[in-house]
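Structural overview
Each chain, letter by letter, is given below.
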Amino acid sequence: MVVITLQRNKCIGCNYCVELAPNQFQMSKKDGKTVLLHSKEKKGFFTVKSNDDIIFETSNQASKACPVNIISVKHI
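Residues numbered from 1 in each chain as written. Predicted model: local features only at pLDDT ≥ 70, side-chain atom pairs only at ≥ 80, totals over all residues. Heavy atoms only, no water.

Along helix α2 (residues 55-65), the residues classified as buried are Ile-55, Ser-59, Asn-60, Ala-62 and Ser-63. The buried side chains of α2 occupy one side of the element, clustering within an arc of 160 degrees when seen end-on. Considering only its buried residues, α2 is in contact with β1 (2-6), α1 (16-20), β2 (25-27), β5 (45-50) and β6 (71-75). (Buried < 20%, exposed > 50% of the residue type's maximum accessible area, 1.4 Å probe, protein only. Helix = DSSP H or I, 4+ residues; strand = E, 2+ residues; numbered from the N terminus. Arc of directions from axis to C-beta. Contact = heavy atoms within 4.5 Å.)

Attention now moves to the pattern of salt bridges. This model, assessed by the stated rule, comprises one salt bridge. Put simply, Asp-31 and Arg-8 hold a salt bridge, and the shortest N to O gap is 2.8 Å. With Asp-31 in the loop between β2 and β3 (34-36) and Arg-8 in the loop between β1 and α1, this residue pair connects regions lying 23 residues apart in the sequence. (Salt bridge = Lys/Arg side-chain N within 4 Å of Asp/Glu carboxyl O.)

Before going further, it helps to examine the sheet that holds β5. If you trace the four strands from one edge of the open sheet to the other, you get β4-β5-β1-β6, paired in antiparallel fashion. Of all the strands in the sheet, just β4 (40-42) and β6 have a single pairing partner and so form its edges. Shown here is a sheet whose adjacent strand axes are inclined to one another by a mean of 20 degrees, direction ignored. Summarising the sheet, β1 and β6 pair through five bridges and their orientation is antiparallel. If you follow Ile-4 over to β6, its bridge partner there is Val-73. This element, α2, spans β1, β5 and β6 of the sheet and lies at about 150 degrees to β6. (Pairing = 2+ DSSP bridges. Axes fitted to C-alpha atoms, helices over the stretch in contact; angles between N-to-C directions.)

Note that every value here comes from positions in space, so none of it alone points to a role or purpose.
Dropping the structure here:
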């Protein structure tokens with residue numbers, strides 16, 4: 001299982017995550033910050049849990065590219 005977490009309020013809108021993992025992230029037209037697709041929000045953290053191991057690599061690349069380090073990707 002892959003768990004992706006985004007701390008959206010700290011996003012600076014650089015768009016790296018969308019470029020590297022467009023199936024998991026997209027930019028909001030309202031505020032220019034990233035959106036973690038199909039996520040659930042709890043106390044400012046947006047999380048997706050998926051059994052699709054294919055998303056791990058691209059999401060992990062997005063996490064490493066994020067200049068403000070607000071994306072967490074775990075393989076459990």
